[in-house]
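Structural overview
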Amino acid sequence: VQLQAYGGGLVQAGGSLRLSCAASGRTFSTYGMGWFRQAPGKERDVVALINWNGGSTYYADSVKGRFTISRDNAKNTVYLQMNSLKPEDTAVYYCAVARNHIPTTDPINYHYWGQGTQVTVSS
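Summary of the structure given here. (Residues numbered from 1 in each chain as written. Predicted model: local features only at pLDDT ≥ 70, side-chain atom pairs only at ≥ 80, totals over all residues. Heavy atoms only, no water.)

**Quick notes on the pattern of salt bridges**
Basically, it comes down to this: Any Lys or Arg side-chain nitrogen found within 4 Å of a carboxyl oxygen on Asp or Glu counts as a salt bridge. Secondary structure elements are taken from DSSP: a helix is a run of H or I of four residues or more, a strand is a run of E of two residues or more, and numbering for both begins at the N terminus.
Enumeration according to the criterion identifies three salt bridges in this entry. Across the salt bridge formed by arginine 37 and aspartate 89, the nearest N and O atoms sit 2.9 Å from each other. In this pair, arginine 37 is assigned in strand E4 (residues 33–38) and aspartate 89 in the loop between strand E8 (77–82) and strand E9 (91–98), connecting sequence segments 52 residues apart.

So this is what it looks like as structure tokens:
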């Protein structure tokens, strides 16, 4: 089982990036998925969550209204559209597969993780 996250990069404040996370090895269409991020010296925090069919989403307060999580179960892929980026969004972003169809905010409830993709927002 592999999760491949990509789409990160360097962008100016106010810009946009779209992260993708493609899963291979098995289908995750019945599992919740999430995006987390970790800045240097800080804990890994939840960014956005999506349930198994995309009908329910959750966003951290810091990204609400700017980020959008979505998924395409036919492609076994989850996305994170990030708009109006701020320097404080700079971090390594990780995608993860939850242990069941309802994702939670605690990283301990995820059993597959991508390798992370760096997002750097310059001021």
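**Looking at the state of the cysteines**
Definition in use: Sulfur atoms of two cysteines make up a disulfide when they are within 2.5 Å. Note on classification: 1.4 Å probe, protein chains only; a residue is buried when its accessible area is under 20% of the maximum for its type, exposed when over 50%, partly exposed between these limits.
For the structure on display, the rule yields one disulfide. Residue cysteine 21 pairs covalently with cysteine 95 via a disulfide, S to S 2.0 Å. Disulfide cysteine 21 to cysteine 95: torsion about the S-S bond roughly 60 degrees, handedness right-handed. Note that cysteine 21 is positioned in strand E3 (residues 17–24) and cysteine 95 in strand E9, a separation of 74 residues in sequence. Like cysteine 95, cysteine 21 is buried.

**Notes on the side chain of arginine 71**
Applied cut-off: Positive charge is attributed to Lys and Arg, negative charge to Asp and Glu, and no charge count is given to His or to the chain ends. Polar contacts, as used here, are pairs of N or O atoms within 3.5 Å; protein pairs need one atom able to donate a hydrogen and one able to accept it. Residues neighboring in sequence count only if both atoms are side-chain atoms.
Within the secondary structure, arginine 71 sits in strand E7 (residues 67–72). With no salt bridge to any partner, buried arginine 71 finds its closest opposite charge in aspartate 72, at an N-O distance of 8.2 Å. Within the structure, the side chain of arginine 71 is placed 2.8 Å from the backbone oxygen of tyrosine 31, a separation counted as a polar contact. A distance of 3.4 Å separates the side chain of arginine 71 from the backbone oxygen of tryptophan 52, its partner in a polar contact.

**Topic: unusual backbone geometry**
The phi angle at asparagine 76 is positive, at roughly 55 degrees, despite the residue not being glycine. Overall, asparagine 76 belongs to the buried group, its relative accessible area being 13%. Although it is not a glycine, serine 84 sits at a positive phi angle of roughly 50 degrees. Summarising the element assignment, serine 84 is placed in the loop between E8 and E9.

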